[in-house]
Amino acid sequence: MRIPLRTENRGRLIPNLFLAVLGPRNMAHFDAIIDTGSDTTIISYKDAGLLQISIKNKPTAKRIQGIGSTEAQICEYNKELTFFLTKEDGTKFKVISQKTYISKEERGANITIIGMDFLKENNLQFFYNPNGVAYLERVEKETEEINK
């Protein structure tokens, strides 16, 4: 099973996809980038607003270092979010997350980041060629066991 990705975002060569995310109150659609340099998946401040997730009075779980000297504060969101990714055949691949991080910075993290934790937890391999081919591919558990 493959999930095609776009290879460009805002004029930069960054693998990304369009997500549908079901939150506690509504569903929102937004872009997310695949960031293999990030251990953590982070919903942007703006996208949390689209999902009507309030982060008021939530303590900072940790501070993360971005590229350069930029630092962002993130908080834990311990309620279920359901991510829908579009597969090659147009059907949806559903991922349920029990714990997600949300940026507390309005300006810093202005796009949602899919980090290595999301890929690992969902057995997704990442393939990227900046010349136009990029996708996530689900690794079936049976295949993993045979290769051990």
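Keep in mind that this is a model prediction, so the values were computed, not measured.

Overview of the pairing of strand S3 (residues 27–34)
Where strand S2 (residues 16–22) meets S3, 7 bridges bridge the pair, whose relative direction is antiparallel. Of the residues in S3, the one forming a bridge with Leu19 is Phe30. Pairing of S3 with strand S10 (residues 112–114), which is carried by 3 bridges, proceeds in the parallel orientation. From the neighbouring strand, Ile33 faces S10, where its bridge partner is Ile113.

Concerning the packing of aromatic side chains
Counting across every chain of the model gives 3 aromatic pairs. Ring geometry for Phe127 against Tyr135: centres 4.8 Å apart, planes inclined by 25°, an arrangement best described as stacked. Sitting over the face of the ring of Tyr135, Arg2 holds its NZ or CZ atom 3.9 Å from the ring centroid.

Examining the pattern of salt bridges
Opposite charge on two side chains permits pairing when their charged atoms draw close. All chains considered together, the criterion is met by 2 salt bridges. Among the ionic pairs, Glu137 bridges to Arg2, the shortest N-O distance being 3.4 Å. Residue Glu137 is found in strand S12 (residues 133–138), and its partner Arg2 is found in strand S1 (residues 2–4); the two are separated by 135 residues along the sequence. Using a relative accessible area of 30% as the deciding quantity, one classes Arg2 as partly exposed. The partner of Arg6 in a salt bridge is Asp31, and the shortest N-O contact between them spans 2.4 Å. One end of the pair, Arg6, is in the loop between S1 and S2; the other, Asp31, is in strand S3, with 25 residues separating them in the sequence.

Reading the values: the criteria
- Residues numbered from 1 in each chain as written.
- Predicted model: local features only at pLDDT ≥ 70, side-chain atom pairs only at ≥ 80, totals over all residues.
- Heavy atoms only, no water.
- Pairing = 2+ DSSP bridges.
- Helix = DSSP H or I, 4+ residues; strand = E, 2+ residues; numbered from the N terminus.
- Phe/Tyr/Trp six-rings, centres within 6.5 Å; stacked < 30°, edge-to-face > 60°.
- Lys NZ or Arg CZ within 6 Å of the ring centre and 35° of its normal.
- Salt bridge = Lys/Arg side-chain N within 4 Å of Asp/Glu carboxyl O.
- Buried < 20%, exposed > 50% of the residue type's maximum accessible area, 1.4 Å probe, protein only.

Without other data, these values stay purely geometric and don't point to any function.
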